[in-house]
Amino acid sequence: MDGATGQAGEADERRSGEQSLRLGIVLHSLEVERWVLPILAWIESSDAVAVPVVALAGEPRAGSRGSLLYRFYRDFDRTRMGAKPDPFVRVEAPVFLREARSIALPPGPSLGDAEAALADAGLDLILDLTRGTPYTGLEVLSRLGVWRHPRHALSRESDASELREIRDEQRATETVLVAECGDPDQPGALARSFTSTRMGSAHRNASIAAARFALLVVRCLERVSNGKTIPRSWGEGWAASESVASAPPSNLAMLGYLFRLASRLASRIIDARRSEDTVRSWVVGWRRAPPPDPGDFSPAGFHVLDTPPSRFFADPFPVEVDGRSYLFFEDYAYRRDDRAQIAWVEIGPDGTPTEPRPALACPYHLSYPFLFRHTGQLFMLPETAGNRTIEVWRPTSFPDRWEREKVLMDDVAAFDSTLLESDGRWWLFCTIAPADGGGPNDELHLFHAEDPFGEWTPHPMNPLVSDVRRARPAGNLFRRDGHWVRPAQDCAEVYGHAVCLNRIDVLSVDDYRETPLETLEASAWQAATRIHTLSHMDGLQAVDLSVLRPRGRGWEGPLVPRLS
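The following paragraphs examine the structure supplied in this document.

Reading the values: rules and limits
Residues numbered from 1 in each chain as written. Predicted model: local features only at pLDDT ≥ 70, side-chain atom pairs only at ≥ 80, totals over all residues. Heavy atoms only, no water. Helix = DSSP H or I, 4+ residues; strand = E, 2+ residues; numbered from the N terminus. Expected span 1.5 Å × (residues − 1). Buried < 20%, exposed > 50% of the residue type's maximum accessible area, 1.4 Å probe, protein only. Salt bridge = Lys/Arg side-chain N within 4 Å of Asp/Glu carboxyl O. Arc of directions from axis to C-beta. Pairing = 2+ DSSP bridges. Axes fitted to C-alpha atoms, helices over the stretch in contact; angles between N-to-C directions. Contact = heavy atoms within 4.5 Å.

1. Considering helix H7 (residues 202–225)
Since one α-helical turn is 3.6 residues long, residues separated by three or four positions face the same way.
Piece 1. In a regular helix each residue adds 1.5 Å, so 24 residues correspond to 34 Å; H7 covers 34 Å between its end C-alpha atoms and thus fits that length.
Piece 2. Most of H7 sits out of view: 20 of its 24 residues are buried.
Piece 3. Of the residues trailing H7, Gly227 is marked for its positive phi of about 75°.

2. Observations regarding the pattern of salt bridges
Piece 1. Overall, the coordinates contain 30 salt bridges when judged by the stated rule.
Piece 2. Across the pair Asp436 and Arg212 runs a salt bridge whose closest N-O atoms are separated by 2.5 Å. Of the two residues, Asp436 sits in the loop between strand S21 (425–432) and strand S22 (443–449) while Arg212 sits in helix H7, which places them 224 residues apart along the sequence.
Piece 3. Across the pair Arg480 and Glu518 runs a salt bridge whose closest N-O atoms are separated by 3.0 Å. Here the residue Arg480 occupies a position in strand S25 (residues 478–480), and Glu518 occupies one in strand S28 (residues 512–521), the gap between them amounting to 38 residues.
Piece 4. In this structure, a network of salt bridges that share partners links the residues Asp467, Arg469, Arg470, Arg486 and Glu514.

3. With respect to helix H2 (residues 37–45)
Piece 1. Among the residues of H2, Ile39, Leu40, Trp42 and Ile43 are the ones counted as buried. Here the buried residues of H2 occupy an arc of 160° about the axis, which is enough to place them on one side.

4. Points about the sheet that holds strand S12 (residues 311–321)
Piece 1. Ordered by their spatial adjacency, four strands build an open sheet running S12-S13-S14-S15, and the pairing between neighbours is antiparallel. Two strands lie at the open edges of the sheet, namely S12 and strand S15 (357–360), each paired on one side alone. Strand-to-strand twist across the sheet, computed as the mean angle between neighbouring axes with direction ignored, equals 35°.
Piece 2. Summarising the sheet, strand S13 (residues 324–333) and strand S14 (residues 340–347) pair through eight bridges and their orientation is antiparallel. Its bridge partner being in S14, Tyr326 is matched across the sheet by Glu346.

5. Overview of the sheet that holds strand S27 (residues 498–507)
Piece 1. Spatially, the four strands line up as an open sheet ordered S25-S26-S27-S28, and their pairing is antiparallel. In the strand order of this sheet, the two ends are held by S25 and S28, each with one partner. Averaged over all neighbouring strand pairs, the angle between strand axes comes to 40°, with direction disregarded.

6. Notes on the environment of Leu366
Piece 1. When you line up the elements, Leu366 lands in the loop between S15 and strand S16 (367–374).
Piece 2. With relative accessibility at 0%, the residue Leu366 sits in the buried group.
Piece 3. Separated by 34 residues in the primary sequence, Leu366 and Tyr332 place their C-alpha atoms 9.1 Å from one another.
Piece 4. Other than its neighbours up to four places away in sequence, Leu366 contacts Glu330, Ala340, Gln341, Ile342, Leu360, Ala361, Glu383 and Thr384.

7. Some remarks on the pairing of S14
Piece 1. Counting buried residues along S14, eight of its eight residues qualify, which places the element largely inside the surrounding structure.
Piece 2. Of the two faces of S14, the one carrying Ala340, Ile342, Trp344 and Glu346 and the one carrying Gln341, Ala343, Val345 and Ile347 are both buried.
Piece 3. In the sheet, S14 pairs with S15 via three bridges, with the strands oriented antiparallel. Across the sheet, Trp344 pairs through a bridge with Arg357, a residue of S15.

Now the structure itself:
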C-alpha cells in the first residue's frame with residue numbers, strides 16, 4: 001500500500017530523465033545508518049540515476065540479544081575499539097529521498113499490497129539496504145532485479161557475523177554485493193572484496209565491511225547507470241553458502257573466543273618485551289645462476305647484504321650492465337623523517353658486494369626501484385606515491401646519477417608500479433588505495449600503452465583484484481608453462497606476510513583474468529618472518545626478508561634454508 005510521506009514534484013522530474021536508471025531503494029526508515037551515506041551521496045550527485053520511489057520496511061522484529069558474555073564483549077568492543085565516527089549511528093536521510101514517493105511495506109517477508117505499487121513504478125533496479133529476512137518476490141519487480149548484502153545484516157547487529165571471521169581466525173574478511181533476478185540459477189555476486197580481518201574487534205571489522213560494501217554498490221551503480229557491464233571477474237568465486245548470517249554466540253562459544261583473544265594479547269605482550277632487545281628489519285639477498293623457473297625461490301644459494309643497525313634494505317632489483325652485476329634497493333634510515341632513498345651495490349665476481357651508495361634521493365619517499373629496458377636504454381620506475389606521481393628516471397652516469405625522464409601519471413598515489421611488455425603493448429600494474437579509506441595493499445589496477453612514454457589508458461575492469469591477499473605487486477612478472485605469472489604480496493595477516501604467485505589467464509585491453517597458484521612464505525629461510533619482493537633480471541634473482549636482529553646491531557647472518 002502507498003504511503004503519503006512525500007511527492008516527487010519538480011525534484012523527481014529533474015532526476016527522472018528519459019535515459020536515467022530508475023532506482024528503487026528499500027530502507028527501514030528515512031533515518032539511515034551512517035555507512036549508507038556514501039551510496040546516497042553518489043546517487044544524489046549522478047545525473048544518470050533517478051529515485052522515483054523509496055520503500056520503507058519499518059524496523060525488523062528484535063532478534064536474540066545474544067548471551068551475557070557476547071553482550072558484554074559487544075558493548076566493550078563498540079565503546080573502546082569501534083570506529084569513529086560510528087558507521088552504524090543513525091542519521092537523517094538526504095532531502096532527495098524525502099522528496100521521492102514513499103511506499104510502506106508490511107512486516108514481511110510477503111510484500112502484500114505493496115507489490116503492485118512497486119511493479120507500477122517501472123523500476124530498472126531495486127537496492128535493498130535493509131537487514132533481516134529479505135522480502136519474497138522483490139527480485140522480479142524490476143528489470144535488473146534486486147541488489148543486497150547476502151548476510152542481510154550490515155548494522156550494529158552484524159557484529160555477530162563479523163565475529164565469525166575472528167573466531168575462526170580467518171585472515172581476510174569477505175564483503176559481497178549480490179544480485180538476484182528471480183531466476184534461481186542466476187543469483188550470484190556482482191562484486192566481492194577481501195580486507196584484513198581485525199582480530200581484536202568485531203565492531204571494527206563490521207565497520208570496514210560496511211564501508212567496503214558501500215564502495216562496491218557505488219562502483220556497480222556507476223557502471224550500470226553509464227551503460228557499462230559489470231566485469232564478471234569482480235564477483236567470481238563467490239559461494240552463497242559461505243555468506244549466511246551468524247547468530248550471536250553462546251556463553252560457551254564466547255569463552256573459547258575470549259580465551260583465544262587473551263592468548264593473542266599475551267603473545268603480543270611477550271613479543272613486545274622480547275623486542276626490547278631486538279628490532280624488526282628488512283634485509284635483501286641475491287643469487288646468480290638461478291633455477292630455470294624465475295618463480296623458484298628455494299632458499300639455497302642466496303647471499304645476504306649486510307645491513308647497518310640504523311637502516312633497513314628492501315625491494316631489491318638486480319641488473320647486469322657491461323658484464324657487471326648490480327643490485328638496487330630501498331634504503332631506509334630510521335631517523336630520516338620517514339623517507340627512504342634508492343641505493344645500489346655492485347656484486348663482484350666472487351659474490352662480494354661493495355658498500356651501499358646512494359643512487360636517487362628526493363624530498364619524498366622512494367622505494368621499489370623497478371628496472372626495465374626500452375630501445376636498449378635502462379630506466380628506473382621507483383615508487384613515488386608520496387609525491388602522487390608515477391615517474392621514470394634515466395641514468396646520466398650509471399649507477400649513481402639519475403635524472404627524471406618523464407612523469408607517466410600525475411595526481412595518483414600508485415604503489416609498487418610494475419611494468420610488463422607483452423604482445424606489442426606495455427602494461428603497468430600497481431595498487432591504488434580505495435576510496436572507502438582502505439589501504440594501499442587492497443586493490444590492483446592496470447594501465448596500458450603502446451609505448452612506456454606514451455599515453456596510459458586505465459583498464460576498463462579496474463580494480464582487477466580487490467583482495468588484500470594478492471593485490472599489491474611483489475616483483476617482475478615471468479613466464480611459466482606459456483603463461484605470465486604475477487607475484488603479489490599477501491598482506492592479510494601483516495604487511496609482507498607472504499608472496500602469492502598468480503597465473504594470468506587473459507590479458508587484453510578489455511579483459512583480464514588471473515588464477516592464484518601458490519604462496520611463498522618466509523618460513524623457508526632461517527630467522528625470516530616475512531617476505532614481500534621477488535625479482536629477477538639478467539640471470540640474477542633477488543629477495544627481501546623481514547628478520548629480528550639484536551637492537552643496536554646490523555644484520556650479518558646468512559640467508560640459509562630452514563632445517564626440517
